[in-house]
Amino acid sequence: IAYFFLCIGYATDADIVLVTSADDFNHHDRTTKVVKAFEEHNPDMVGTAIQFINDDNSVNGETDFPRESRFIAPIEMAERLVGGSSSQAWKHEFYETIGGIPGSAIIDVYLPFLSTAGKGFYFIHELLYGYFHWADIENTGLGGVLRAAQGDEKVQYDELQRYQITSTYFAILDHIFKINC
């Protein structure tokens, strides 16, 4: 998956990369509203509220913070993990500036946090994306694998998830130290 995002980041000549997944759904106006936010506010990234959906199509929740459209402060991004609870789009220029995504860093945490140190992360408080919580051991996303795992396997995947989160925060700190030192 990291290679996939590396290709998206560098192989396109698009000004904006709007992330989506084939098994999730987008509101029909998502692209229009995201592009408008880039034009009006000039951030490095734009996120929108997400509706979280279970395997049986029941709604499991939605992005709970913030409750209005606005820029997200770095401390809010770290404490509230707004990036991981929003759909994402970024400027190609931003991706090139930060040098892509290192190793096992989680894209939903790494890029949004770094964007708050640049031109910002603008959040649109509208449910413009539906994220399905598929529980499947064959899922490409670690969250879906973790939901499907049982017993010792679940413990191992939980440990892997904790490693991935920790390594992402270390990658963020490493990047910050490199640009500030």
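Attention in this report is confined to the structure presented alongside it.

Cut-offs used in this document
- Residues numbered from 1 in each chain as written.
- Predicted model: local features only at pLDDT ≥ 70, side-chain atom pairs only at ≥ 80, totals over all residues.
- Heavy atoms only, no water.
- Helix = DSSP H or I, 4+ residues; strand = E, 2+ residues; numbered from the N terminus.
- Buried < 20%, exposed > 50% of the residue type's maximum accessible area, 1.4 Å probe, protein only.
- Patch = residues over 30% accessible without salt bridge, like charges linked within 9 Å, V, L, I, M, F, W, Y side chains within 5 Å.
- Areas by Shrake-Rupley, 256 points an atom, 1.4 Å probe, with all protein chains shown as cover.
- Salt bridge = Lys/Arg side-chain N within 4 Å of Asp/Glu carboxyl O.
- Lys, Arg positive; Asp, Glu negative; His and termini not counted.
- Charge placed at Lys NZ, Arg CZ, Asp CG, Glu CD.
- Phe/Tyr/Trp six-rings, centres within 6.5 Å; stacked < 30°, edge-to-face > 60°.
- Lys NZ or Arg CZ within 6 Å of the ring centre and 35° of its normal.
- Contact = heavy atoms within 4.5 Å.
- Pairing = 2+ DSSP bridges.

### Topic: unusual backbone geometry
Step number 1: The step from Phe-65 to Pro-66 runs through a cis peptide bond, and the omega angle for that step is -5°.
Step number 2: For Pro-66, the location among the structural elements is in the loop between β4 (59–62) and β5 (70–72).
Step number 3: In this structure, Asn-42 takes a positive phi of about 55° despite not being glycine.
Step number 4: Among the structural elements, Asn-42 can be located in the loop between α2 (30–41) and β3 (45–53).

### Observations concerning the side chain of Thr-168
Step number 1: Following the sequence through the fold, Thr-168 ends up in helix α7 (residues 151–180).
Step number 2: Thr-168 gets classed as buried once you look at its relative accessible area, which sits at 1%.

### Details of a negative patch on the surface
Step number 1: A surface patch of like charges, here negative, comprises Asp-55, Asp-56, Asp-136 and Glu-138.
Step number 2: Mapped onto the elements, Asp-136 comes out in the loop between β7 (121–132) and α6 (142–148).
Step number 3: Given a relative accessible area of 35%, Asp-136 falls into the partly exposed group.

### Some thoughts on the packing of aromatic side chains
Step number 1: Applying the stated criterion to the full structure yields four aromatic pairs.
Step number 2: Summarising the aromatic geometry, the rings of Phe-25 and Phe-132 are spaced 6.1 Å apart at their centres and angled 65° between planes, so their arrangement reads as edge-to-face. Within this pair, whereas Phe-25 is found in strand β2 (residues 25–26), its partner Phe-132 is found in strand β7, the two being separated by 107 residues in sequence.
Step number 3: In this structure Phe-25 comes out as partly exposed when scored by relative accessible area, which is 36%.
Step number 4: Seen from their ring centres, Trp-90 and Tyr-95 are 5.8 Å apart, and the 15° between their planes marks the pair as stacked. As far as burial versus exposure is concerned, Trp-90 and Tyr-95 are alike and both buried.
Step number 5: Stacked on the ring of Phe-65, the Lys or Arg Arg-80 has its end atom at 4.1 Å from the ring centre.

### Comments concerning the side chain of His-175
Step number 1: Among the secondary structure elements, His-175 is positioned in helix α7.
Step number 2: Exposure remark for His-175: the relative accessible area of 14% places this residue in the buried category.
Step number 3: Not counting residues within four places of it along the chain, the set of residues in contact with His-175 comprises Ile-98, Tyr-110 and Leu-114.

### Some words on the environment of Pro-112
Step number 1: Tracing the chain through its elements places Pro-112 in helix α5 (residues 107–116).
Step number 2: Spatially, the C-alpha atoms of Pro-112 and Ile-124 are 14 Å apart, while their sequence positions differ by 12 residues.
Step number 3: Residues contacting Pro-112, with those up to four places away along its chain left out, are Met-45, Met-77, Gly-83, Gln-88, Ile-107 and Phe-121.

### Structural notes on the pairing of β3
Step number 1: Among the nine residues in β3, eight count as buried, and that is most of the element.
Step number 2: Of the pairings in the sheet, the one linking β3 to strand β6 (residues 86–91) comprises five bridges and is antiparallel in character. Considered in β6, the bridge of Thr-48 is made with Ser-87.
Step number 3: Where β3 and β7 come together, nine bridges link them in parallel fashion.

### Some remarks on the pattern of salt bridges
Step number 1: Counting across every chain of the model gives eight salt bridges.
Step number 2: A salt bridge links Lys-33 to Glu-126; the nearest nitrogen and oxygen atoms lie 2.6 Å apart. Here Glu-126 lies in strand β7 and Lys-33 lies in helix α2, a separation of 93 residues in the sequence.
Step number 3: For Glu-126, a relative accessible area of 31% gives the class partly exposed.
Step number 4: For the salt bridge of Arg-162 with Asp-158, the shortest nitrogen-to-oxygen distance reads 2.8 Å. Taken as a pair, Arg-162 and Asp-158 lie in helix α7 at a separation of four residues, close to a single helical turn.
Step number 5: The exposed category is assigned to Arg-162, whose relative accessible area is 53%.
Step number 6: On the accessibility criterion, Asp-158 (25% relative accessible area) is partly exposed.
Step number 7: Salt bridges sharing partners connect three or more residues here, namely Glu-68, Arg-70 and Glu-76.

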